[in-house]
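# Understanding the architecture of this molecule
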Amino acid sequence: MTEPVEPSPPLAELVESRLAQLATHAPRLAALLGKQPVLAAQARHVLLGSDFALRAMGHHDVELAALWQQGRLTEARSAADYRFLVETLLPEEADTEANAMRALRILRQCEMLRLAWRDLAGIAGLHDTLRETSWLADAMICGAARTAAALLAPRHGRPPPDAGRLMILAMGKLGGMELNFSSDVDLVFLYARGGQTDGPAPLDLEEYYTRQGRLLIRLLDQVTEDGFAFRVDMRLRPFGESGPLVASFAFLEDYLQAHGRDWERYAWIKARALTEVDRFDALREQMLRPFVYRRYLDFGVFESLREMKALIGREVRRRDRAGSIKLGPGGIREIEFIVQAFQLVRGGQDGSLREPSLLAVLPRLARSRLLPAAAVAELQCAYDFLRLLENRVQMFDDAQTHELPQEPVARARIAAALGFADAAAMEAQFHLHRARVEAHFAALFGEGGSRPGAALDLAPLWEPALGRAVLADQLAQLAQDGPALLARLESLVGGPRLRRLDEIGRRRLKQLLELLLAGHQAARDSDALRRICDILEAIGLRSAYFSLLVENQRARERLLEVARQGDFLAGQLARNPALLDELLDERWLDELPGRTALTAELAARLAEVGADDVEREVEQLARFKQAAVFRVALADLFGRLPLMQVSDRLTEIAGVILGKAMALALRQTAAQYGSPRCEEDGRPRAVAIAALGYGKFGGYELGYGSDLDLVFLHDSTGERQQTDAATPVDNQVFFLRYAQRLIHLLTVHSAAGRVYEIDVRLRPSGKGGMLVTSIAAFRSYQFGEAWTWEHQALLHARAVAGDAALMARIEAVRVEVLEHAVRRADLREQIRDMRERQRRELAKGGEGRFDLKHDRGGIADIEFLAQYWALRWAAEYPPVVHYPDTIRQLESVASAALVPQATVDVLVRAYQYYRRTAHRRALEGLDGPVEAGQYAADRAAVAAIWHATMEEPV
C-alpha cells in the first residue's frame with residue numbers, strides 16, 4: 001500500500017481543473033463530494049493518478065452516486081459480493097443479449113473505478129487490488145456463461161445433467177488470482193463428453209458448447225457504446241487460434257501427449273477452474289499434473305526458459321520496448337520465469353509448488369531452501385513494486401500498456417500518485433528493482449554452463465565422419481593416457497543406454513562431458529572418471545539430469561569430489577540418479593534437517609501417493625532414506641559432521657522411517673482385520689504397539705549399511721482380545737499379520753530398492769518366538785529365561801517408535817531388568833567366554849592386518865568391557881544403564897568412580913578412532929581388515945585393559 005503525497009503546485013492546479021470538469025459532467029457526484037470532506041480529499045488523489053476515473057464518473061454519474069450514497073465506494077468486496085452483484089444484474093432467465101452486455105459493461109466501469117479509487121487513495125494494497133480484480137472477472141465470466149446458456153436454451157435446450165456445464169479455465173494472471181487492472185483474460189473452454197442438447201432444435205454438445213463459448217466471448221469482449229467488459233484471449237487452447245474453440249477432455253489429453261510444448265507446461269501451471277471445479281480437480285490430477293510436473297527433477301526447463309526469454313528479448317528489441325515493466329530486462333516476466341522454473345523442476349516432488357499464484361509460491365522458495373531468503377525478499381519487493389507500477393500505469397487511462405508514459409506530466413502524475421517526490425525518484429527505484437531482478441535471473445539461468453577459453457569439442461564421438469585425430473590430441477593434453485580416455489568416452493556414448501539418446505539428450509551429454517573434462521580433474525583421475533561414467537550411464541535417457549549438471553557448476557564440482565572419494569557415494573548416485581539433486585542442497589553445509597523436518601519431508605513425499613498405492617509408498621520410503629542418508633554422507637565427506645553426529649543422524653533417519661512404516665502397516669492391517677482392542681474388568685480399550693531397537697539402532701551407532709535389529713511389543717491384556725471388525729480376529733492373528741506387513745514394507749525390493757534389512761531374531765525365544773510379544777511376557781522372559789548375552793543386548797536397546805505411553809513402559813522394564821534380573825555371580829566368565837567364541841568365529845585379521853571390530857583390541861572388546869561394567873554395577877548404580885550407547889555407558893562408570901577415568905579415556909579415544917575409520921572406509925566402499933601398523937598402539941592399550949579386567953585372576 002502506498003501513501004499518497006501532496007502534489008506539486010502545477011499538479012495541484014491540474015487536479016483543481018479536473019474537479020471543475022467533474023462538477024460540469026457529474027453534478028451529483030460533485031455535490032456529494034462537497035458534503036463529504038474525506039471523500040473529497042480522496043478524490044484529489046484519484047484524479048491526480050487517473051484520467052480513466054474522471055471519464056467513468058462523468059459517464060456513470062447516476063450509478064456511482066447510488067454506490068457512494070450506500071457507503072460502498074471505499075469498502076472491500078469479497079468473491080461472494082461479486083457473485084451476488086452479477087447474479088442480481090443477470091438473472092437466470094436472460095432478457096436480451098444487448099441488455100446483458102450493457103449491464104456487464106456498466107458494472108465493469110463502476111467496479112473498476114471503485115478499485116482504482118481504493119488503490120489511488122491508499123485504502124487498498126496491491127494484493128487486495130489484484131485479488132478483487134480477479135474476483136470481479138471470475139464473477140462476470142461465470143455470469144456471461146450462465147447468460148449465454150439461457151439465451152441458447154429456448155431453441156436448443158441444455159446438455160443432459162450428467163454431461164455437465166461448459167468448463168471454463170482461467171489461465172495466466174487470472175488463473176493465479178493476480179489480474180492486472182486493464183488486463184485481458186486468458187481462457188480455455190473444455191467439455192467432458194459428447195451427446196446432444198434436449199431442446200426443439202438439438203445440437204451435438206461440441207457445437208452447443210462452441211456456440212455458448214462464442215456468445216460468452218461476445219458478451220464480454222465486444223466493444224459497444226458502453227465499452228467492453230473484459231478482453232478475452234483464447235490463444236492458450238490446444239493448437240491456439242487454429243484449434244477448435246472448445247475441446248473435449250479426450251481431445252485435450254491426446255493433444256498434450258502428442259503436441260504439448262514446453263511453453264504450454266508453463267501456461268498450464270496457472271490453470272484454475274471457474275466452473276465444473278470438481279471435475280477439474282480430477283482432470284488436473286489425471287491429465288494436467290503428469291504433463292506439467294515430471295516425477296523426476298526436470299532441469300531441462302532452464303534451457304527452454306532461456307530460449308523463451310531470448311525470443312522475448314528479440315521481440316522487445318525489435319519493437320524498442322526495453323523499458324517495458326513486464327517484458328524488459330529485469331521486468332515482471334523474469335520474476336515469473338524464476339518462479340516457474342522451480343515449479344517445473346521440483347513441482348513433481350513438492351506439492352507446495354503446484355500452485356497457480358506466484359505470490360503464494362515465491363515465499364515457499366525460501367522456506368524450501370531453493371533460493372536464499374535474501375534473494376526471495378528482493379524478488380518479492382521487486383515484484384510488488386513492478387506490479388504496482390504496472391497497475392498504476394494502466395489505471396491512468398484504462399489502457400493495456402506495460403510502459404511508463406513518455407509525456408512528462410503524465411509520468412510526474414504517476415510518480416506523485418505512488419508517493420515519490422518526482423518522476424526521477426520513481427525511475428531510480430524502477431531501475432534499482434530491475435537491476436536486482438536481472439542479477440538474480442542471470443545467476444539462475446546464466447548461459448547454461450558456458451566456460452571461457454578454447455572449448456573441447458566432443459562432436460566426433462557421435463559423428464565419426466568428422467575424424468578423431470584432433471579430439472585424440474586434445475584428450476592427450478588432458479590426461480596421462482589419452483587413448484584410454486578416448487576409449488572410455490567411446491564406450492560410454494556407444495553403450496546400450498546412451499546411444500539411444502535423442503538430439504536434445506546428446507547435446508546435453510556432450511556439453512556436460514566437455515564441462516567435466518575441461519577442468520582436467522576427471523580426466524586425470526581414471527577411477528573418478530570411471531565412477532562418473534557409471535553414473536552418466538545409469539542416468540540413461542533421462543537427460544534432464546544432464547541438464548542439472550550442465551546448469552550448476554557447484555553440482556559438477558561436488559560430483560567430481562564425490563567420485564574421487566570412492567565407490568560408496570558414487571554407487572548411490574549410479575543406483576539412484578535422483579540423488580544428484582542433493583548436490584544442489586546447501587542445507588547440509590549449515591545444518592542437516594532434524595527429526596521434525598525429516599518427519600515433515602517424509603510426510604510430504606507420502607502425500608504425493610494415493611493411500612491405496614502400497615508399492616509407491618514403499619518406493620517413497622526408500623527414496624526418502626536414500627536422500628536423507630546421502631545428505632549425511634555428503635556432510636561427513638566434506639567434514640561438516642563429527643563421528644558421533646553421523647551415527648546420531650543415521651539413527652534419527654531410521655527412527656522416522658520406522659515410525660511412518662509402522663503407521664502404514666497398522667493402517668493397512670486394520671483395513672483388512674479391524675483394529676486390535678482388549679477388555680479388562682469390563683473396560684474395553686485400544687491396544688498399543690511399539691518397537692524396541694537393539695544393537696546399533698538402539699545404541700545410536702548406525703552406520704551407512706547397518707540393518708535394524710527390532711523387537712515388537714504390545715500391551716494387549718484381559719479376557720477379551722480381538723479386533724473390532726464385523727468379523728473379528730484374535731489380536732495375536734492381527735499382530736502376526738501386522739508384523740509381516742511391516743517387515744514386508746521395509747524389506748521388499750521396490751523401484752528404488754529396499755528400505756532396510758530387518759533382523760527380529762532378538763525377540764524372546766528367538767526364531768521360535770512370537771513376532772509381536774506382550775510387554776508382560778517380555779518382562780517375564782527377561783527375568784526368568786533370558787541368557788546373559790540377551791541382557792548384554794538389552795543394554796544397547798531402547799524404544800524407538802510406536803505408541804509413546806507404551807514406549808515409556810518399555811524403557812522402565814528395560815531398566816528394571818538390567819538392575820534386578822542379571823545373574824552377576826558368573827557374569828565375568830559368561831561375557832569373557834562369549835567374546836572369545838565370537839572372536840574365534842568372526843575375526844578376519846591376519847599377519848599385518850587388523851579386523852577393526854572383531855580382532856583383539858578392537859571395537860568388540862571395548863563394547864564388551866562397557867557391557868560388563870554396566871551390568872556388574874547396575875543394581876548399585878542404576879544410572880550406568882540409562883544410556884544405550886557404548887560411549888555414554890563408559891562415561892557413566894567413570895563418573896561413578898567405578899572405573900578409573902584414565903582407563904575410560906583410553907577406550908573412548910580408541911573407540912572413536914576405530915568408528916571414524918569404519919565410517920570413512922564405508923564412504924570409500926572399502927571392506928575387510930585394515931593395515932595393522934597405525935592401530936598398534938591403540939590396539940595394545942585396549943587389549944591390556946581387556947586382559948586386566950577380564951582375564952587376570954580376581
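Each value, and the rule that gives it
- The written sequence of each chain sets the order in which its residues are numbered from 1.
- Local features in this predicted model are restricted to residues of pLDDT 70 or higher, and side-chain atom pairs are both shown and tallied only at a pLDDT of 80 or more, whereas totals for entire chains, interfaces and linings draw on every residue.
- Water and hydrogen atoms were dropped before computing side-chain values, which therefore reflect all heavy atoms in the structure.
- Working definition: helices are DSSP H or I runs of at least four residues, strands are E runs of at least two. Numbering for both runs from the N terminus.
- Accessibility here uses a 1.4 Å probe with only protein chains present; expressed as a share of the type maximum, an area under 20% marks a residue as buried, one over 50% as exposed, and anything in between as partly exposed.
- Any pair of residues with heavy atoms lying within 4.5 Å of one another is described as a contacting pair.
- Residue exposure ignores everything except the shown protein chains as possible cover, and the areas themselves are Shrake-Rupley values with a 1.4 Å probe.
- Residues counted as positive are Lys and Arg, residues counted as negative are Asp and Glu, and His and the chain ends are not counted.
- By convention, the charge on Lys lies at NZ, on Arg at CZ, on Asp at CG and on Glu at CD.
- What counts as a salt bridge is simple: a side-chain nitrogen of Lys or Arg found within 4 Å of a carboxyl oxygen of Asp or Glu.
- At least two bridges found by DSSP between two strands are what make those strands a pair.
- Stacked, tilted and edge-to-face are the three classes applied to pairs of Phe, Tyr and Trp rings, where Trp contributes its six-membered ring and a pair requires centres within 6.5 Å; stacked means planes under 30 degrees apart, edge-to-face means over 60, and tilted covers the rest.
- Take the buried residues of types Ala, Val, Leu, Ile, Met, Phe, Trp, Tyr and Cys, join any two whose side-chain atoms come within 4.5 Å, and each joined set is a nonpolar core.
- Interaxial angles span 0 to 180 degrees and are taken between N-to-C directions of axes, which are lines fitted to C-alpha atoms, for helices over the stretch in contact.
- The scheme is simple: roughly parallel for angles under 35 degrees, roughly antiparallel for over 145, roughly perpendicular for 65 to 115, oblique for anything else.
- Rotating anticlockwise by less than a right angle from the far helix to the near helix defines a left-handed crossing, while the corresponding clockwise rotation defines a right-handed one.
- In this classification, the charged set is Asp, Glu, Lys and Arg, the nonpolar set is Ala, Val, Leu, Ile, Met, Phe, Trp, Tyr, Cys and Pro, and all remaining amino acids, among them Gly, are polar.
- A helix's residues, less one, multiplied by 1.5 Å, set its expected span.
- Any pair of N or O atoms that falls within 3.5 Å is considered a polar contact. Within protein, one atom must be able to donate a hydrogen and the other to accept it, and sequence-neighbouring residues count only if both atoms are side-chain atoms.
- pLDDT runs from 0 to 100 and stands for how confident the predictor is about each residue.

## A look at the overall build of the chain
- A count of helices and strands for the chain gives 41 helices and 15 strands.
- In terms of principal-axis extent, the alpha carbons of the chain reach across some 115 × 85 × 60 Å.
- Across the 954 residues in the chain, those meeting the buried criterion constitute 55%.
- Considering only contacts within the chain whose residues lie at least 6 apart along the sequence, 75% involve residues at least 24 apart.
- When the accessible surface of the chain is split by element, carbon and sulfur atoms take 51% of a total near 40,300 Å².
- Of the side chains in the chain, 120 bear a positive and 130 a negative charge, and the two mean positions are spaced by 1 Å.

## Comments concerning the pattern of salt bridges
- Tallied over the full model, the rule gives 60 salt bridges.
- Across the pair Arg 55 and Asp 397 runs a salt bridge, and its minimum N-O distance is 2.6 Å. Here the residue Arg 55 occupies a position in helix 4 (residues 51-59), and Asp 397 occupies one in helix 17 (residues 373-397), the gap between them amounting to 342 residues.
- Exposure remark for Asp 397: the relative accessible area of 35% places this residue in the partly exposed category.
- Among the salt bridges present, the one from Arg 77 reaches Glu 111, with a minimum N-O distance of 2.9 Å.

## Considering the pairing of strand 8 (residues 689-694)
- With six of six residues buried, strand 8 lies mostly within the body of the structure.
- Burial along strand 8 is two-sided: Ile 689, Ala 691 and Gly 693 and Ala 690, Leu 692 and Tyr 694, pointing in opposite directions, are all buried.
- Bridge count between strand 8 and strand 9 (residues 708-714): six bridges; the pairing is antiparallel. Pairing of Leu 692 across the sheet is with Val 711, part of strand 9.
- Bridging between strand 8 and strand 13 (residues 798-802) involves four bridges; their strand directions are antiparallel. Residue pairing across strands places Leu 692 opposite Ala 799, the latter belonging to strand 13.

## A look at the packing of aromatic side chains
- One pass over the structure, following the stated rule, counts 16 aromatic pairs.
- Aromatic pair Tyr 208 and Tyr 209: ring centres 5.5 Å apart, planes at 70°, arrangement edge-to-face.
- Take Tyr 208: its relative accessible area is 1%, and that puts it in the buried class.
- Look at Phe 239 and Phe 251: their rings are 6.2 Å apart centre to centre, the planes differ by 65°, and that puts the pair in the edge-to-face class. Of this pair, Phe 239 sits in the loop between strand 3 (232-233) and strand 4 (246-248) while Phe 251 sits in helix 11 (residues 249-259); the two residues are twelve residues apart in sequence, bridging distant segments of the chain.
- Residue class for Phe 239 comes out partly exposed when judged on its relative accessible area of 37%.
- An aromatic cluster is defined as three or more aromatic residues linked by ring pairs; in this entry it consists of Phe 850, Tyr 913, Tyr 914 and Tyr 935.

## Brief notes about the nonpolar core
- If you look at the biggest cluster of nonpolar residues, it comprises 175 residues, and the most contacted ones within it are Trp 268, Leu 365 and Leu 389.
- A total of 13 residues in this core trace back to one element, the largest contributor, which is helix 30 (residues 614-637).
- Discounting residues that sit within four places of it in the chain, Leu 365 has contacts with Val 339, Phe 342, Leu 353, Leu 370, Leu 371 and Val 376.
- One finds Ala 43, Leu 90, Phe 230 and Val 232 within the second-largest nonpolar core, a separate group that totals 81 residues.

## Here's the deal with the pairing of strand 6 (residues 676-680)
- Note that strand 6 and strand 10 (residues 720-723) share four bridges and pair antiparallel. Residue pairing across strands places Pro 676 opposite Thr 723, the latter belonging to strand 10.
- In this sheet, strand 7 (residues 683-686) lies alongside strand 6 in antiparallel orientation, the contact comprising four bridges. Within strand 7, the position partnered with Glu 679 by the bridge is Pro 684.
- Turn length for the strand 6-strand 7 hairpin, with the two strands adjacent in sequence and antiparallel, is two residues, and the turn residue Asp 681 shows positive phi of about 55°.

## Describing unusual backbone geometry
- The phi dihedral of Arg 369 is positive, around 60°, even though this residue is not glycine.
- By the secondary structure assignment, Arg 369 is in the loop between helix 16 (358-367) and helix 17.
- Judged by its relative accessible area of 47%, Arg 369 is partly exposed.
- Even without a glycine there, the phi angle at Ala 897 is positive, about 60°.
- Relative to the helices and strands, Ala 897 resides in the loop between helix 39 (886-895) and helix 40 (901-923).
- Its relative accessible area of 66% is what places Ala 897 among the exposed residues.

## As for the sheet that holds strand 6
- The strand order 7-6-10 describes an open sheet built from three strands, whose pairing is antiparallel. One side of each edge strand has no neighbouring strand; the edge strands of this open sheet are strand 7 and strand 10. For this sheet, the mean angle separating the axes of adjacent strands, direction not counted, is 25°.
- Set on the sheet, helix 33 (residues 731-747) makes contact with strand 6 and strand 10; between it and strand 6 the angle comes to about 150°.

## What about the side chain of His 919?
- In this structure, His 919 sits in helix 40.
- Looking at His 919, the relative accessible area reads 8%, which means it is buried.
- In contact with His 919, not counting residues within four places along its chain, are Asp 636, Leu 643, Val 646, Ser 647, Leu 650, Leu 702, Gly 703 and Tyr 704.

## Notes on helix 12 (residues 262-269)
- Among the eight residues that make up helix 12, six are buried, leaving the element largely enclosed by the rest of the structure.
- Considered for burial, the residues of helix 12 that qualify are Glu 264, Arg 265, Tyr 266, Ala 267, Trp 268 and Ile 269.

## With respect to the packing of helix 21 (residues 482-493) against helix 22 (residues 503-518)
- Where helix 21 contacts helix 22, the two axes come as close as 13 Å, and the packing angle between them is 155°. In this view, helix 21 runs roughly antiparallel relative to helix 22, as classed from their interaxial angle. You can see that helix 21 and helix 22 cross each other, and the crossing is right-handed. Of helix 22, the residues touching helix 21 (which contributes Leu 485, Leu 489, Leu 492 and Val 493) are Leu 509, Leu 513 and Leu 517.
- Residues that form the contact of helix 21 with helix 22 fall into these classes: seven nonpolar, no polar and no charged.

## Description of helix 33
- The first and last C-alpha atoms of helix 33 sit 24 Å apart over 17 residues, in line with the 24 Å expected at 1.5 Å per residue.
- Of the positions making up helix 33, those classed as buried are Asn 731, Phe 734, Phe 735, Tyr 738, Ala 739, Leu 742, Leu 745, Leu 746 and Thr 747.
- Among the residues of helix 33, the N-terminal cap falls to Asp 730, whose side-chain oxygen and the backbone nitrogen of Gln 732 are separated by 2.9 Å.

## Digging into the confidence of the model for the chain
- Taken residue by residue, the chain gives an average pLDDT of 90. The fraction at 70 or more is 96%.
- The element-level mean pLDDT for the chain is lowest in helix 23 (residues 521-524), coming to 65, with strand 1 (residues 167-171) highest at 98.

## Section: the environment of Arg 835
- For Arg 835, the position within the fold is in helix 37 (residues 827-842).
- Under the relative-accessibility criterion, Arg 835 is labelled buried at 0%.
- Separated by 512 residues in sequence, Arg 835 and Gly 323 have C-alpha atoms that sit 80 Å apart.
- Non-local contacts of Arg 835, meaning those with residues more than four positions away in its chain, are made with Lys 853, His 854, Asp 855, Ala 860, Asp 861, Phe 864 and Trp 946.
- Reaching out from Arg 835, the side chain makes a polar contact with the backbone oxygen of His 854 at a distance of 2.7 Å.

## Quick look at the side chain of Glu 276
- Locating Glu 276 in the fold gives a position in the loop between strand 5 (272-273) and helix 13 (277-292).
- Judged by relative accessible area, Glu 276 falls into the buried class, the value being 13%.
- Here Arg 165 takes part through its backbone nitrogen, which lies 3.4 Å from a polar atom of the side chain of Glu 276.
- At 3.0 Å, the side chain of Glu 276 and the side chain of Arg 279 are in polar contact.
- Contact partners of Glu 276, with chain neighbours within four places excluded, come to Gly 164, Arg 165, Leu 166 and Met 167.

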